Amino acid sequence: MTMPASKDVVFVPEMSADSRVRVFCRTFNAIGEFEGMEVDAYIVFTGSYIVVFDTMLCPEDVSIMMRMVQDEVGKRTILVVNSHADWDHAWGNAYFRGEHTAPIIAHEYGRIRLQSAEARTELVNFQQQYPIFRNVELVPPTITFNQHLTLYDAQMSIELFPAPGHHRDHIAAWLPELRLLLAFDAVENPLPCIESAEAVPSMFATLEHFMALRPERVLCSHGKTTSPALVQENLAYLREIEHRSRQLLLTRRPTPRELEHASALITYPLDEVIASATEPVDRTFYGGAHNANVRYILEWLMS
Ligand SMILES: [Zn+2]
């Protein structure tokens, strides 16, 4: 496969009963590490704006998505938001240059990440492995913020705010009139991915903040769910890791070698974490993510 086919990016009407919020799903049908991986993007219609939340894997993905709404743009101004600078969320940014130029809004640190040497190296590696990334260019956001940024409109406003923990530049969006939270990768089914030991307190604070908003619906980028209960479940999962880690640390301090198998160390296997999962779970990916979460929480508690 060279170009993304239309079937790789689909409109998912069952994810949003409100026609002002459209959910699109990108399936990465690559062989190997990311086989069958899915990521969602959203288009929100306010009276004056069309806000595109995340740009998926490549500019062609955005083109497919925008074609599906082109008849409804009318006089609305198109705005773009990057939830964070990860490859599955911001690598389609190049669509919004040239004839489709639109402002791209993100956290200030997302701009730094997209301009980093690490991002360039990662892109070269992906381009060598998968042809779909051939037209990807690292296009940094053009409007950045550090604290809060609100898009006001008569019927519906959109509040953007930092939601670090998965990444330092990660933001979330709160649509108060709809009581809808766009959580992106801060909430994930079956489990969220913490960036590092230093990011652990931020992840807890982000999830506590989400709970305090009392959302009626929550959309997250991976895992096909709209349930606000997932916020509580993700928080309970991380608290359980913290609890078992504290128990372990009462008796001894693990060595760096032991920390490589952190989930075994606190006797919290992936099977127990996903015991109530109703959908098949990518055991390789989430097993690694779970082990890393335990390791980071242990390291945070030991620091
Ligand atoms: Zn993601």
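Residues numbered from 1 in each chain as written. Predicted model: local features only at pLDDT ≥ 70, side-chain atom pairs only at ≥ 80, totals over all residues.

Time to look at the nonpolar core. Counting residues in each nonpolar core, the largest one holds 75 residues, and the members touching the most others are Phe 53, Val 81, Ala 172, Ala 173, Leu 182 and Ala 183. Among the elements that line this core, the one with the most residues is strand β3 (residues 37–45), at six residues. For this core, the domains that each give at least three residues are domain 1 (1–146) and domain 2 (147–303). The contacts of Ala 173, once residues within four sequence positions are left out, are Phe 53, Val 81, Ile 158, Glu 159, Leu 160 and Leu 182. (Core = buried A, V, L, I, M, F, W, Y, C linked by C-beta atoms within 7 Å. Buried ≥ 20, exposed ≤ 12 C-beta atoms within 10 Å, placed from the backbone. Helix = DSSP H or I, 4+ residues; strand = E, 2+ residues; numbered from the N terminus. Domains from an automatic or database assignment. Contact = placed C-beta atoms within 7 Å.)

A word on the packing of helix α6 (residues 229–251) against helix α10 (residues 283–302). One way to put it is that α6 packs onto α10 with a least axis distance of 10 Å and a crossing angle of 55°. One finds that α6 runs oblique with respect to α10. Crossing of α6 against α10: the hand is right-handed. Only Asn 293, Val 294, Ile 297, Leu 298, Leu 301 and Met 302 of α10 make contact with α6, whose side of the interface consists of Ile 241, Glu 242, Ser 245, Arg 246 and Leu 249. (Axes fitted to C-alpha atoms, helices over the stretch in contact; angles between N-to-C directions. Parallel < 35°, antiparallel > 145°, perpendicular 65-115°, else oblique. Left-handed = near helix turned anticlockwise from the far one by under 90°.)

Read across the open sheet, the seven strands follow the order β1-β2-β3-β4-β5-β6-β7; overall the sheet is mixed. Each having just a single partner strand, β1 (9–11) and β7 (143–145) make up the two edges of the open sheet. Within this sheet the neighbouring strands show an average axis-to-axis angle of 25°, counted without direction. The pairing of strand β4 (residues 49–53) with strand β5 (residues 77–81) spans five bridges and is parallel. Looking at β5, one finds that Phe 53 is bridged to Val 81. Its contacts with the sheet put helix α1 (residues 59–69) on β1, β2 (21–28) and β3, and the angle it makes with β1 is roughly 25°. (Pairing = 2+ DSSP bridges.)

Okay, the sheet that holds strand β12 (residues 217–220) next. Here we have five strands laid out as an open sheet, ordered β8-β9-β10-β11-β12, and mixed in their pairing. One side of each edge strand has no neighbouring strand; the edge strands of this open sheet are β8 (149–151) and β12. The average undirected angle you get between the axes of adjacent strands in this sheet is 20°. Taken together, the three bridges between β8 and strand β9 (residues 158–162) define a ladder with antiparallel strand orientation. The partner of Leu 149 across the bridge, within β9, is Leu 160.

The subject of this paragraph is the domain arrangement of the protein. Partitioning the protein into domains gives domain 1 (1–146) and domain 2 (147–303). Computed over C-alpha atoms, the centres of domain 1 and domain 2 are 23 Å apart. The interface is formed by 30 residues belonging to domain 1 together with 26 residues belonging to domain 2. Secondary structure elements with two or more residues in the side of domain 1 that touches domain 2: β2, β3, β4, β6 (104–107) and α3 (108–114). For the side of domain 1 that touches domain 2, the element with the most residues is β3, which contributes five residues.

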